[in-house]
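# Survey of secondary and tertiary structure
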Amino acid sequence: MAVETPFRNLIPELNYEKETARWKNVVKALTGPAPKMGHSPRNEVWRKNKSVLWHYPAKQKKYEIPLFFVYSLFNKPYILDVAPKTSVIEGLTNLGYEVYLLDWGAPGYEDKKIGLDTYIDKYLRTAVKRAIRHSGADEITVVGYCLGGTIASIYASIADEPIKNLIVATVPIDFQPAIGPDKWTEGIRNGDINIDSFIDVYGNIPPKMVEGMFRAMQAPVYFTNYTMLLSRAHDQRYVDKWQRMNKWTVDQVPFAGEAYRQLSNDLFKENKLVKGELVIGNKKADLKNIKANLYVISGSRDHLILEDQSKPIMDLVSSEDKTYVVVETGHVGLALSGLFGKIVDQWASSRSNPL
């Protein structure tokens, strides 16, 4: 007669076939080939140095005013076209928008003297002019994501070009509320960490250092993505999404030294944008100069950019039509899920001159 052990029911029965498949997916995700990024049809409109202006044609054009995307200088912009069906750009072109994207490219050592002045007043301004001419439109909508939103806002404050709408998502405007280790923030602001000396020696901020900065800002949250992979590796769709997210997270680009010097000193340390003291190309970048329709999007689970950093723009611009929304998502999840495109369309569709 068999004796029933009291611990028998406390030990879960393992589905060895399922567990084997799960661990195979973990290994594949960590060591296998990277998934393809960038799926939407596009054509090159203009190029300057490493930067390229891409045009993504509408599947069936429904709006006169095109969307012009400005992405961060820290990361590669393919997060906006990361996978079929969840691509921000694909979603918007399917909805009838002509979409333009300025890809800043990866600066080399020879680009170490490129500053925010050059990026904004030379590259971005010229690219917007080319997009307006290429599209045949009289006005344009500028869309900025993360630091790209900061750059788009600065540009809009000095632009002579006809910007009808300005959309910024997960955007740092007020740099006083800082994300990251307190000692790191304190060290930069009081001069114990000398960014100028580092840039003078190295020229640009190396990609691995950029990655390290983001890890420090997100720790210990950064490591939860690996535990989530372990727990959900049996779900092939989740694994595919995880691979795409992980590839983008570690696929950093160098940050041009002079641009980072300005970012650190003028924005992070001196907070000149909020104070109305920032000067770009001999023009004062005062946000009160912005009169375009404004749409600001924040994520309630954003661990990189706080609402307190984004919301001040609402009181600093002169726009009469301005909207602020908070979405239940994180900093990258807004783009990775394709949700960003749907939220843009909800607001922009009535402000883009429907045909």
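If you're wondering where the values come from, they're calculated on a predicted model, not measured in any experiment. Each residue is numbered by its place in its chain's sequence as written, counting from 1. In view of the model being predicted, local features appear only for residues whose pLDDT reaches at least 70, and side-chain atom pairs are presented and counted only at 80 or more, with totals across whole chains, interfaces and linings using the full set of residues. Think of the side-chain values as coming from all heavy atoms in the structure, minus any hydrogens and water.

### Observations regarding the packing of helix α6 (residues 195–202) against helix α10 (residues 257–269)
Cut-off, in case you're wondering: The angle between two axes is taken between their N-to-C directions and runs from 0 to 180 degrees, where each axis is a line fitted to C-alpha atoms and a helix contributes only its stretch in contact. Secondary structure counts use DSSP, requiring at least four H or I residues in a row for a helix and at least two E residues in a row for a strand, with both numbered from the N terminus. In these notes the angle categories are as follows: under 35 degrees is roughly parallel, over 145 is roughly antiparallel, 65 to 115 is roughly perpendicular, and the rest is oblique. Only heavy atoms enter the contact rule, under which two residues are in contact if any of them lie within 4.5 Å. Under the scheme applied here, ten amino acids are nonpolar (Ala, Val, Leu, Ile, Met, Phe, Trp, Tyr, Cys and Pro), four are charged (Asp, Glu, Lys and Arg), and all others, including Gly, are polar.
Contact geometry for α6 and α10: axes closest at 10 Å, N-to-C directions at 180 degrees. Relative to α10, the element α6 is oriented roughly antiparallel. Facing I195, D196, I199 and D200 of α6, the residues of α10 in contact are G257, E258, Y260, R261, S264 and N265. Here the residues of the contact of α6 with α10 are counted per class, giving 3 nonpolar, 3 polar and 4 charged.

### Observations regarding the packing of aromatic side chains
The line we're drawing: Stacked, edge-to-face and tilted are the three classes for Phe, Tyr and Trp ring pairs, Trp counted by its six-membered ring, which pair at centre distances within 6.5 Å; planes under 30 degrees apart are stacked, over 60 edge-to-face, the rest tilted. Buried, partly exposed and exposed residues are distinguished by accessible area as a fraction of the type maximum, computed with a 1.4 Å probe on protein chains only: under 20%, between the cut-offs, and over 50%, respectively.
If you walk through the whole model with that rule in mind, you get 11 aromatic pairs. Ring geometry for Y145 and F340: centres 5.2 Å apart, planes at 75 degrees, overall edge-to-face. Residue Y145 is found in strand β5 (residues 140–145), and its partner F340 is found in helix α15 (residues 339–348); the two are separated by 195 residues along the sequence. On the basis of an interplanar angle of 80 degrees and a centroid distance of 5.3 Å, the ring pair of F255 and Y260 is categorised as edge-to-face. Among the residues examined, F255 registers a relative accessible area of 1% and is labelled buried. Counting every residue linked through ring pairs, the aromatic cluster contains F69, Y71, Y145 and F340.

### Focus: the environment of M209
Mapping M209 onto the fold places it in helix α7 (residues 207–218). Taking C-alpha positions, M209 is 9.1 Å from Q252, a pair spaced 43 residues apart along the chain.

### What about the environment of V88?
With respect to the helices and strands, V88 occurs in helix α2 (residues 88–94). V88 gets classed as buried once you look at its relative accessible area, which sits at 1%. Residues V88 and L339, spaced 251 residues apart in sequence, show a C-alpha to C-alpha distance of 7.3 Å. Once you skip the residues sitting within four places of it in the chain, V88 turns out to touch F69, L80, A335, G338, F340 and G341.

### A closer look at the environment of G341
In this structure, G341 sits in helix α15. Separated by 250 residues in the primary sequence, G341 and G91 place their C-alpha atoms 6.1 Å from one another. Beyond its immediate sequence surroundings of up to four residues, G341 is in contact with V88 and L92.

### Points about α10
Across the 13 residues of α10, 11 count as buried, placing the element largely inside the fold. Among the residues of α10, those classed as buried are G257, A259, Y260, R261, Q262, L263, S264, N265, D266, L267 and F268.

### Comments concerning the sheet that holds strand β2 (residues 51–56)
Rule in force here: By this definition, two strands are paired if DSSP reports at least two bridges between them.
Read from one edge to the other, the open sheet built from 8 strands follows the order β1-β2-β4-β3-β5-β6-β9-β10, with strand pairing classed as mixed. The open sheet has two free edges, formed respectively by β1 (43–48) and β10 (322–327), since each of these has just one partner strand. With direction set aside, neighbouring strand axes in the sheet form an average angle of 15 degrees. The sheet contact formed by β2 and strand β4 (residues 99–103) spans 5 bridges and is antiparallel. Its bridge partner lying in β4, L53 is registered against L102. Helix-sheet contacts for helix α3 (residues 116–135) involve β1, β2, β3 (67–70), β4 and β5, and the interaxial angle to β1 is about 150 degrees.

### Overview of α15
By the criterion of burial, α15 is predominantly enclosed, with 7 of the 10 residues buried. Inspection of α15 places F340, G341, I343, V344, D345, W347 and A348 among the buried residues, and these make up the whole buried set.

Everything listed here is a matter of coordinates, which is why it stays silent on function.
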